[in-house]
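Coordinate analysis (summary)
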Amino acid sequence: MKALVFTAPGTVELLDVPEPEAAPGEVLVEVRAAGICGSELHGARRPGFRKPPLIMGHEFAGTSAGGEAVVINPILSCGRCAECRRGLRHVCRERQIIGVHRAGGFAERVAVPASALRPLPPGLPWEAAALIEPAANAVHAWHQAGRALGAGGAHGTDGAQGARVAVTGCGAIGLLCAATALSGGAARVEVTDLSPARLAAAQRLGAQVAGAGLSGEYDVVMDAVGSAATRAASIAHQRPGGVAVWLGLAEEEAGFDANALIRSEKRVLGSFAYRDEEFAHATALIQDWDLTWAEGYPLAAAAEIFTGLMNGGLQPLKAVLRP
Ligand SMILES: [Zn+2]
Ligand SMILES: [Zn+2]
């Protein structure tokens, strides 16, 4: 079968590879849509968790051997540790991710643990199905914000209703954060980005455009960029006692004014992946949103699209491979 293989730092190639074989407890999935994630473009340039040779792809959907339409929850966890038993298996210390630690969805077929399959709602377009995984990240971030502001109990299952929200960065994750906050009852959602096309996509989802940078104060600032500058802005533009939720992973440095954080009791919460209920919630929410900013491409074009995105020369807002 054909697969897009990460073969060396900075290199991906469309190759003929052996058919995957399902081990006991696994099933074969015929991949119909697989989104290219910013973390993969970064990971291909500077290999960390992802070690070549690897078939990447952790945002994907397809059909199972029985013909059912399924989406894959790519988070694999031990199921035994304290975090797993508390329903927080996304922060399990033995966490592995399909497409990061083992072969993922940038292929015609992939073998995955049967426990990773989730049903898809009937009639959902395949491109939308591939956006469920990134949308689950946004749902979790929204719940993190709600938890910080006192809604929804210890695990924050309500989000920050009524909040004035800012989202920095309108890549796919930023757009999905804005959409989640609007669906979840935010009073107002303002977004920043340098790209007019990205800002237009945010407006089609119902967000207001703050421009290239934030001004004023917000209850919640969601940082979908993760640079030292956007992290500093998430503190500076947070009201006293508000919260910044950090999802972006662009840089390792934070670079914020820690004393301002202390004096105004500001807060920062990291947000990574999602709980199982949040993945299910994202599957329901995705049906309501304008996703015309996601573009499908045949697997034959995968190497060219991935390389173009990695080198910054090609700019679809979100590329979804359609094996
Ligand atoms: Zn991703
Ligand atoms: Zn565990």
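Numbering of residues begins from 1 in every chain and follows the order in which that chain's sequence is written. All chains are assigned letters beginning with A, and all ligands numbers beginning with 1, in the order in which they are written. A pLDDT threshold of at least 70 governs which residues receive local features in this predicted model, and a stricter bar of 80 or more applies before side-chain atom pairs are shown or counted, although totals over entire chains, interfaces and linings include all residues. Values shown for side chains rest on all heavy atoms present in the structure; no hydrogens or waters enter the calculation.

Here we take up the packing of helix 1 (residues 38-45) against helix 10 (residues 302-310). Working convention: axes come from line fits to C-alpha atoms, limited for helices to the stretch in contact. Angles between N-to-C directions cover 0 to 180 degrees. Counting from the N terminus, the helices are the DSSP runs of H or I reaching at least four residues and the strands are the DSSP runs of E reaching at least two. The geometry of helix 1 relative to helix 10 is characterised by a closest axis approach of 9 Å and an angle of 80° between their N-to-C directions. Our classification of the angle between helix 1 and helix 10 gives roughly perpendicular. Of the residues in helix 10, those touching helix 1 at Glu-40, Leu-41, Ala-44 and Arg-45 are Phe-306, Leu-309 and Met-310. Taken together, the residues of the contact of helix 1 with helix 10 break down into 5 nonpolar, no polar and 2 charged. Orientation is classified from the angle alone, with under 35 degrees giving roughly parallel, over 145 giving roughly antiparallel, 65 to 115 giving roughly perpendicular, and any other angle giving oblique. Contacts: residue pairs with any heavy atoms within 4.5 Å of one another. Each residue is assigned to one class: nonpolar for Ala, Val, Leu, Ile, Met, Phe, Trp, Tyr, Cys and Pro, charged for Asp, Glu, Lys and Arg, and polar for all the others, Gly among them.

Further remarks concern the coordination of the zinc ion (ligand 2). Protein coordination at the zinc ion (ligand 2): the donors are Cys-78 (SG), Cys-81 (SG), Cys-84 (SG) and Cys-92 (SG), at 2.3 to 2.4 Å from the metal. In this structure, the zinc ion (ligand 2) is coordinated by 4 donor atoms arranged in tetrahedral fashion, with angles at the metal of 106 to 116°. For Na, K and Ca the donor cut-off is 3.2 Å; for every other metal, N, O and S atoms count as donors within 2.8 Å. Water does not enter the count, which can leave sites looking incomplete. As a motif over one chain, the donors of the zinc ion (ligand 2) read C-x2-C-x2-C-x7-C. The buried label goes to any residue with under 20% of its type's maximum accessible area, the exposed label to any with over 50%, and the partly exposed label to all in between, with areas taken from a 1.4 Å probe on protein chains only. Given a relative accessible area of 13%, Cys-84 falls into the buried group. Judged by its relative accessible area of 4%, Cys-92 is buried. In these descriptions, tetrahedral denotes four donors with every angle between 85 and 135 degrees, square planar four donors and octahedral six donors with opposite donors over 155 degrees apart and the rest between 65 and 115, and irregular any other case.

Attention shifts here to the pattern of salt bridges. Here a salt bridge means any side-chain nitrogen of Lys or Arg lying within 4 Å of a carboxyl oxygen belonging to Asp or Glu. For the structure on display, the rule yields 17 salt bridges. As a salt-bridge pair, Arg-80 and Glu-94 come within 3.7 Å of each other at their nearest N and O atoms. In this pair, Arg-80 is assigned in the loop between strand 6 (75-76) and helix 2 (82-85) and Glu-94 in the loop between helix 2 and strand 7 (96-97), connecting sequence segments 14 residues apart. Given a relative accessible area of 58%, Arg-80 falls into the exposed group. Within the structure, one salt-bridge network assembled from shared partners comprises Glu-19, Glu-30 and Arg-109.

By convention in this document, the label disulfide applies to cysteine sulfur atom pairs within 2.5 Å. Taken as a whole and assessed by the stated rule, the structure comprises 0 disulfides. Distance from the sulfur of Cys-177, which forms no disulfide, to the nearest cysteine sulfur (Cys-170) is 9.9 Å.

This brings us to the coordination of the zinc ion (ligand 1). Protein coordination at the zinc ion (ligand 1): the donors are Cys-37 (SG), His-58 (NE2) and Glu-59 (OE), at 2.1 to 2.4 Å from the metal. Of note, the donors binding the zinc ion (ligand 1) are all from one chain and are spaced C-x20-H-E. In this structure His-58 comes out as buried when scored by relative accessible area, which is 6%.

A word on the pairing of strand 8 (residues 109-113). Burial of strand 8 is extensive: 5 of the 5 residues sit out of reach of the surface. Here a strand pair is declared whenever DSSP counts at least two bridges between the two strands. Examined bridge by bridge, strand 3 (residues 26-35) and strand 8 share 5 bridges and lie antiparallel to one another. If you follow Val-29 over to strand 8, its bridge partner there is Val-110.

Attention shifts here to the nonpolar core. Proteins that are soluble and globular tend to have nonpolar side chains buried together. Here the nonpolar core consists of buried residues drawn from Ala, Val, Leu, Ile, Met, Phe, Trp, Tyr and Cys, with membership extended through side-chain atoms lying within 4.5 Å. Residues Val-165, Val-189, Val-191, Met-222, Ile-286, Trp-289 and Trp-293 are the most contacted members of the largest nonpolar core, which totals 59 residues. Counting residues per element, this core draws most heavily on helix 4 (residues 132-148), which supplies 9 residues. Every residue in contact with Val-189, bar those within four places of it in the chain, is listed here: Val-165, Val-167, Ala-178, Ala-181, Leu-182, Ala-207 and Gln-208. In terms of nonpolar packing, the next biggest core, distinct from the first, is built from 37 residues, Phe-6, Met-56, Val-70 and Met-310 among them.

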